Amino acid sequence: ADGKGAAAMIQDLKFDSDAKAEPQSEPEEGVAEVLSSYVGAVAAVAIDGRGRVSEFSLPDELSEKLKGTMARELAGFFGDLFTSDGLRLRLTNWLVAFPAEKISNGTTWSQVVPSRGGAKIAGIRNYELVGAVTKDADNFVQINVTPQLKARDANRFMITNKDGDGWVHLDPKTHKIKEFV
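The present account deals with the structure reproduced in this document. Keep in mind that this is a model prediction, so the values were computed, not measured. Here the residue numbering is sequential within each chain, running from 1 through the sequence in written order. Whole-chain, interface and lining totals are the exception, using all residues; otherwise, since this is a predicted model, local features are given only for residues with pLDDT of at least 70 and side-chain atom pairs are given and counted only at 80 or more. In computing side-chain properties, one takes all heavy atoms of the structure into account and sets aside hydrogens as well as water.

**Side note on the overall build of the chain**
Here is the rule: Where helices and strands are cited, they refer to DSSP runs of H or I of at least four residues and of E of at least two residues respectively, numbered from the N terminus. Throughout, a residue-residue contact means that at least one pair of heavy atoms, one from each residue, lies within 4.5 Å. Every accessible area reported is derived by Shrake-Rupley at a probe size of 1.4 Å, with residue values counting cover from the shown protein chains alone.
Scanning the chain for helices and strands turns up 5 helices and 7 strands. When the elements of the chain are put in sequence order from the N terminus, they spell out α-α-β-β-α-α-α-β-β-β-β-β. Sequence separation of 24 or more characterises 45% of the internal contacts of the chain that already satisfy a separation of 6 or more. Accessible surface for the chain amounts to roughly 12,000 Å². Of this, 50% is attributable to carbon and sulfur atoms.

**Quick notes on unusual backbone geometry**
For the record, the criterion: For every residue, the accessible area obtained with a 1.4 Å probe (protein chains only) is divided by the maximum for its type, and the residue is called buried under 20%, exposed over 50%, and partly exposed between those limits.
Positive phi, normally seen in glycine, also occurs at Asp136, with a value near 50°. Here Asp136 lies in the loop between β4 (121-135) and β5 (138-151). By relative accessible area, Asp136 is classed as exposed at 69%. Its identity as a non-glycine residue notwithstanding, Ala137 has a phi of 65°, on the positive side.

**Some words on the pattern of salt bridges**
Here is the rule: Think of a salt bridge as a Lys or Arg side-chain nitrogen and an Asp or Glu carboxyl oxygen that are within 4 Å of each other.
Within the structure shown, the criterion is met by 3 salt bridges. Across the salt bridge formed by Arg52 and Asp48, the nearest N and O atoms sit 2.8 Å from each other. One salt bridge connects Lys67 with Glu64, and the closest N-O pair in it is separated by 3.3 Å. Residue classification places Lys67 among the exposed residues on the basis of a relative accessible area of 54%.

**As for the pairing of strand β1 (residues 44-47)**
Where we set the bar: Here, any two strands with at least 2 DSSP bridges between them count as paired.
In this sheet, strand β2 (residues 53-57) lies alongside β1 in antiparallel orientation, the contact comprising 4 bridges. Residue Ile47 lies in a different strand from β2, and its bridge partner there is Val53. In textbook terms, the turn of a hairpin is the stretch between consecutive antiparallel strands, and for β1 and β2 this stretch comprises 5 residues, one of which, Gly51, has a positive phi near 95°.

**Section: the sheet that holds β4**
Picture the strands of a sheet paired through backbone hydrogen bonds; they go either parallel or antiparallel. To be explicit about the condition: The axes are straight lines fitted to the C-alpha atoms, using for helices just the contacting stretch, and the angles between their N-to-C directions are given from 0 to 180°.
Strand order in the open sheet formed by 5 strands is β3-β4-β5-β6-β7, and the pairing between neighbours is antiparallel. The sheet is open, and its two borders are formed by β3 (108-113) and β7 (176-180), each paired with just one other strand. Averaged over neighbouring strand pairs, the angle between their axes works out to 30° when direction is ignored.

**Comments concerning the layout of surface pockets**
Here is the rule: The pocket and cavity definitions rest on a 1 Å grid over protein atoms only: a 1.4 Å probe that fits but cannot leave marks a cavity, an open set with protein on both sides within 12 Å along at least five of seven lines marks a pocket, and residues lining either have an atom within 4 Å of a point. Grid points are joined across faces, edges and corners, and a volume is the space filled by probe spheres set on the points. Think of it as three bins: nonpolar holds Ala, Val, Leu, Ile, Met, Phe, Trp, Tyr, Cys and Pro, charged holds Asp, Glu, Lys and Arg, and polar takes everything else, Gly as well.
By volume, the largest pocket amounts to about 370 Å³. Lining the largest pocket are 15 residues, and of these Phe98, Leu170, His175, Lys176 and Ile177 lie nearest its centre. Of all the elements in the fold, those that place two or more residues in the lining of the largest pocket are β5, β6 (166-171) and β7. Here the residues of the lining of the largest pocket are counted per class, giving 11 nonpolar, 2 polar and 2 charged.

Quick look at the structure:
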């Protein structure tokens, strides 16, 4: 599936899981069929104490629906949201995996993450623990993030702009991510 079938038929698609109206076109039917399988589906995610995903599973019905022809067409046009791997990426890619050794202010580490560019492009996040910061009268632990993209085959792919900086703010009381920019 290359997405051209779905792309050629798409005009103005709308999907509302609460809507009582029936889809009016073949593309709307396809989108409604796939997206309706998301409604109420429960993904199982296990995250270890360092923030790494140790288990991820989708309900069998949803996994089967994502293997179907319509889902592959939608994935070709709309991207990885219509694949099992894409859903895992979207639901877990924002997590920060900490190193095994103890860290302190100034510690740096890297994490290889799946990229939306597929197997041809590696996603690497470089982290630096900054320490305690105050923002809007709230206290956080800040981790600076510098993403990096690396073509696995530098002879065929060249990434010309890979600038980007961000941060993660962790709530020291709840130990949860409060903001990831």
